[in-house]
Amino acid sequence: DAFWCFVGFMDVVFANFDMDQAAMKTQFNQLRRLVEFCNPRFFKYMVMHEADNMFFCFRWLLVWYKREFSNDDVLKLWECLWTGLPCPNFHLFISVAILDQQTDIIIENKYQFNEILKHINELTNRIDVKCTLEIAEAIYLQIKAVEYLPNDIRQIIGMPISDTENGEEHSGTGTDFADELYELVRKPGNEKRMEEQFEEACERSMFLNYT
């Protein structure tokens, strides 16, 4: 049973291993938008500390939390995710839920990108799968209940696109604020910095522990 579960898992995530990393980068962008919408306090902190690329979630998204939970717990999680309910991309809400639980720790300790990456990778077997699933579902239901939901969020959760998009002003921190903040902290050499962070996240995520 475990073997066939793993085969099924690989069928779902095979695109994550493409050389161009296009599938992973799409998920990073979608996760960034969800965090901006759902957790503006944490999003603002990440932007100010140049960590909003979400690369520290690399391992979570690459293998769908396989390294974060016990075998029994990860199979429970996968069974839930394979249903496609309550929405497409619900695996991203698992990340949002875990980050929601870690927000105070990260902000109070004033973690930078490398420290966030280290902290995230050291959460293995320290995450309550039941609690996380409940939080993830609650966040999804709160988003779905928003009257004017931006179309980019609608796409992520599989809702029909609205003909008239009136929801931007309701979208977490707000697009204008996010754009201004983004421009404020971006400096020359940002592309090189992001490339280095991506490579570090990839390398660090291949190992259980830091040396």
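Just so we're clear, the structure is a prediction, and the values are computed from it rather than from any experiment.

Colleague: So what exactly am I meant to see when it comes to the overall build of the chain here?
Modeller: Along the chain, the regular secondary structure elements total eleven helices and zero strands. Secondary structure of the chain in N-to-C order comes out as α-α-α-α-α-α-α-α-α-α-α. Per-residue burial for the chain yields a buried fraction of 45% across its 211 residues. Put simply, 74% of the contacts in the chain that link residues at least 6 apart link residues at least 24 apart. Of the roughly 11,300 Å² of accessible surface on the chain, 53% is carried by carbon and sulfur atoms.

Colleague: What should I look at first to understand the packing of helix 6 (residues 90–108) against helix 7 (residues 113–121) in this one?
Modeller: Helix-helix packing is characterised by the crossing angle of the two axes and by the distance between the axes. It is at 12 Å that the axes of helix 6 and helix 7 come closest, and there the two elements cross at 130 degrees. One finds that helix 6 runs oblique with respect to helix 7. Judged by the twist between their axes, the crossing of helix 6 over helix 7 is right-handed. Residues Leu 99, Gln 102, Ile 105 and Ile 106 of helix 6 lie in contact with helix 7, whose contacting residues are Ile 116, His 119 and Ile 120. The residue inventory of the contact of helix 6 with helix 7, partitioned by class, reads five nonpolar, two polar and no charged.

Colleague: What is the right way to look at the nonpolar core in this model?
Modeller: Burial of nonpolar side chains together is a common tendency in soluble globular proteins. If you look at the biggest cluster of nonpolar residues, it comprises 56 residues, and the most contacted ones within it are Phe 56 and Phe 93. The greatest single-element share of this core, amounting to ten residues, is contributed by helix 6. Phe 56 has contacts with Phe 42, Met 46, Ala 51, Leu 99, Phe 113, Ile 116, Leu 117 and Ile 120, leaving out every residue within four places of it along the chain.

Colleague: What exactly am I supposed to notice about the pattern of salt bridges here?
Modeller: Any two side chains of opposite charge can pair, so long as their charged atoms come close to each other. Within the structure shown, the criterion is met by eight salt bridges. For Arg 59, the salt bridge identified is with Glu 68, shortest N-O distance 2.9 Å. The residues Arg 59 and Glu 68 share a single accessibility class, namely buried.

Colleague: Help me understand the environment of Leu 77 in this model?
Modeller: In this fold, Leu 77 is placed in helix 5 (residues 71–82). When residues no more than four places from it in sequence are discounted, the contact partners of Leu 77 are Trp 64, Tyr 65, Phe 69, Ile 94, Val 129 and Leu 133.

Colleague: Help me out: how do you make sense of the packing of aromatic side chains in this one?
Modeller: Working definition: an aromatic ring pair is given by the centre-to-centre distance plus the angle between the planes. Taken as a whole and judged by the stated rule, the model has seven aromatic pairs. Ring centres of Trp 78 and Trp 82 lie 6.0 Å apart, and the angle between their planes is 40 degrees; this geometry places the pair in the tilted category. Here Trp 78 pairs with Trp 82, and both are found in helix 5, just four residues apart, close to one helical turn. Under the relative-accessibility criterion, Trp 78 is labelled buried at 2%. Take Trp 82: its relative accessible area is 33%, and that puts it in the partly exposed class. Ring centres of Phe 93 and Tyr 140 lie 5.8 Å apart, and the angle between their planes is 90 degrees; on these two criteria the pair is classed as edge-to-face. Placement of the pair is Phe 93 in helix 6 and Tyr 140 in helix 8 (residues 129–144), with a sequence separation of 47 residues. On the basis of relative accessibility, which here comes to 5%, the residue Tyr 140 falls in the buried class.

Thresholds, definitions, all that
Residues numbered from 1 in each chain as written. Predicted model: local features only at pLDDT ≥ 70, side-chain atom pairs only at ≥ 80, totals over all residues. Heavy atoms only, no water. Helix = DSSP H or I, 4+ residues; strand = E, 2+ residues; numbered from the N terminus. Buried < 20%, exposed > 50% of the residue type's maximum accessible area, 1.4 Å probe, protein only. Contact = heavy atoms within 4.5 Å. Areas by Shrake-Rupley, 256 points an atom, 1.4 Å probe, with all protein chains shown as cover. Axes fitted to C-alpha atoms, helices over the stretch in contact; angles between N-to-C directions. Parallel < 35°, antiparallel > 145°, perpendicular 65-115°, else oblique. Left-handed = near helix turned anticlockwise from the far one by under 90°. Nonpolar A, V, L, I, M, F, W, Y, C, P; charged D, E, K, R; others polar. Core = buried A, V, L, I, M, F, W, Y, C linked by side-chain atoms within 4.5 Å. Salt bridge = Lys/Arg side-chain N within 4 Å of Asp/Glu carboxyl O. Phe/Tyr/Trp six-rings, centres within 6.5 Å; stacked < 30°, edge-to-face > 60°.

What is shown is where atoms sit, not what they do.
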